[in-house]
Amino acid sequence: MVILERLKSLFTRKTKNQTQVLTLNEDDELLLQVLGISSSDYSGKNALKIATVFACIRILSEAVAKFPLKIYQDQNRKRKAVDHYLYPLLKLRPNPYMTAFDFWKCVEAQRNTYGNAFVWLEMPTRGRNAGKISALWPLDANKVQIWVDDKGIFSTQSQIYYVFTDNLGNQYKLLPDEILHFKGFSLDGIAGISPIQYLRNTIENAGNAEQFLNNSLKGGMTVKGIVHYIGDLNPEAEQKFREKFEQMANGLQNVNRIALLPIGYQFQPIALTMADAQFLENTQLTIKQIASAFGIKNHQLNDLDRSTHTNILEQQREFYIDTLLPILTMYEQELTYKLFTNSEIEQGYYVKFNVDSVLRADISTRYEAYQKAIQSGFLTPNEVREMEERESKEGGDKLLINGNMLPIEMAGQQYLK
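What counts, and where the lines are drawn
Residues numbered from 1 in each chain as written. Predicted model: local features only at pLDDT ≥ 70, side-chain atom pairs only at ≥ 80, totals over all residues. Heavy atoms only, no water. Helix = DSSP H or I, 4+ residues; strand = E, 2+ residues; numbered from the N terminus. Buried < 20%, exposed > 50% of the residue type's maximum accessible area, 1.4 Å probe, protein only. Pairing = 2+ DSSP bridges. Axes fitted to C-alpha atoms, helices over the stretch in contact; angles between N-to-C directions. pLDDT = per-residue confidence, 0-100. Contact = heavy atoms within 4.5 Å. Salt bridge = Lys/Arg side-chain N within 4 Å of Asp/Glu carboxyl O. Expected span 1.5 Å × (residues − 1). Parallel < 35°, antiparallel > 145°, perpendicular 65-115°, else oblique. Left-handed = near helix turned anticlockwise from the far one by under 90°.

### Looking at the overall build of the chain
In step 1: For the chain, the helix and strand inventory stands at 14 helices and 13 strands.
In step 2: Residue burial in the chain is summarised as follows: out of 417 residues, 33% are buried.

Structure representation (structure tokens):
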């Protein structure tokens with residue numbers, strides 16, 4: 001398919017001989033344009049310039065990417081379907097250019113940045129592997145449009161089409177079974193909405209606050225003040241003095257250095273005002289608002305003012321249960337429906353992220369729970385060994401029960417003798 005060559009060209013284009021080396025300052029407008037980032041806009045990936053937004057998206061992306069994705073078959077007894085042809089594709093390398101970790105990190109980052117993430121399913125149309133998925137390619141979500149034919153113009157039934165535009169301007173129409181669509185928060189169930197869209201004003205405030213602090217730091221003076229002069233200065237002399245004084249006092253090279261004033265001039269510093277204090281409080285509030293919208297806990301952003309060792313552990317569990325599990329469930333449902341045929345779904349095939357290693361408690365608590373589950377006949381020893389990723393043992397598939405337990409109607413009969 002032509003789209004595969006287009007996608008591959010995007011990756012192979014970044015060779016050593018074709019890489020352009022830029023020696024511009026990171027604040028240079030030209031460099032920002034080369035990176036596709038506007039210095040005055042905080043929408044889309046431009047919001048990543050805000051430290052809090054960048055941290056939230058990085059935490060979510062790496063959290064999703066570190067969970068191994070496995071294929072299971074639920075038929076009589078759940079087991080890992082390691083013999084399925086998609087198993088190594090999902091677990092190790094979805095395409096020749098990305099590891100599974102990099103792939104899911106990329107997909108989750110786009111989902112949080114744009115509200116939608118799209119993955120094209122490469123399926124050969126000829127040969128013995130025709131119709132089987134051979135690779136998963138993430139698409140630039142900013143270049144995918146969703147078309148909804150709710151009038152049945154192109155078919156007798158309503159249909160959704162995905163139109164992808166590559167860097168050369170070529171457009172490709174993809175059907176829903178050719179693409180994986182992972183959504184963020186959605187109002188219609190068809191297209192997702194990024195938190196960045198709803199937090200645009202908040203993120204712009206955060207960007208302005210960062211710019212204000214950067215400018216203050218570049219100014220070199222930690223306090224504001226007034227220069228007193230007895231007498232009058234004409235506009236030309238006033239401008240000349242201001243430039244000379246700022247040259248002497250501003251800049252990082254002049255931080256904490258003594259500023260010299262001519263005879264007759266006096267500098268009076270102004271203390272931190274309530275407006276400045278309120279500005280700092282608002283900045284902290286903005287950070288918490290952004291983190292809350294992404295489902296990130298304060299301690300994950302190094303805000304430890306109200307954190308203790310105990311409640312950090314509890315907050316971490318809340319993060320995985322309240323924030324991550326809904327995201328993982330969304331991924332699992334879309335993958336199961338799109339990756340498997342109807343017959344495979346009827347045979348019990350499905351995908352699932354392995355989160356046991358994160359959600360399970362410490363070893364002492366786990367072993368105590370396992371002991372109770374085995375002695376009460378709830379779990380077999382081999383089921384417990386599987387949870388600990390240990391091999392099964394012969395005879396370990398039988399349910400056991402404590403011999404001291406009796407049916408309630410037999411209680412006390414031993415005393416009748």
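### Notes on the sheet that holds strand β6 (residues 159-165)
In step 1: A sheet is described by the order of its strands in space; here three strands give the open sequence β5-β6-β7, paired in antiparallel fashion. This sheet does not close on itself; its edge strands, each paired only once, are β5 (144-149) and β7 (171-174). The mean inter-strand angle of the sheet, taken between neighbouring strand axes irrespective of direction, is 25°.
In step 2: Where β6 and β7 come together, four bridges link them in antiparallel fashion. Its bridge partner lying in β7, Y162 is registered against L174.

### Considering the confidence of the model for the chain
In step 1: Looking at the chain as a whole, its pLDDT mean stands at 75, while 62% of the residues score no less than 70.
In step 2: In this model, residues 34-39 is a region of pLDDT below 50 whose contacts with residues beyond four sequence positions or in other chains number 12 contacts.
In step 3: Long-range and interchain partners of residues 252-258, a stretch whose pLDDT sits below 50, account for six contacts in this model, where long-range means more than four residues apart.

### Topic: the pattern of salt bridges
In step 1: Counted under the stated rule, the structure contains five salt bridges.
In step 2: With its nearest N and O atoms 3.2 Å apart, the salt bridge here joins E62 to R58. Placement of the pair is E62 and R58 together in helix α3 (residues 51-65), with a separation of four residues, close to one helical turn.
In step 3: Since its relative accessible area comes to 30%, E62 is described here as partly exposed.

### What about the environment of K80?
In step 1: Inspection of the secondary structure puts K80 in strand β2 (residues 77-80).
In step 2: Classification of K80 as partly exposed rests on a relative accessible area of 33%.
In step 3: Remark: the alpha-carbon pair of K80 and Y349, spanning 269 residues in sequence, is separated by 9.5 Å.
In step 4: Aside from chain neighbours lying at most four places away, what touches K80 is K70, I71, Y72 and Y87.

### A look at α3
In step 1: Under the 1.5 Å per step criterion, the end-to-end length of α3 is 21 Å for 15 residues, consistent within 8% with the ideal 21 Å.
In step 2: Of all 15 residues that make up α3, 11 are buried, and the element is covered over most of its length.

### Some remarks on the packing of α3 against helix α5 (residues 100-114)
In step 1: Two elements in contact, α3 and α5, have axes separated by 8 Å at closest approach and are oriented at 140°. Considering the angle they form, α3 stands oblique to α5. For α3 against α5, the interelement crossing comes out right-handed. Residues I57, L60, S61, E62, V64 and A65 of α3 form the contact with α5, whose participating residues are F101, W104, K105, E108, A109, N112 and T113.

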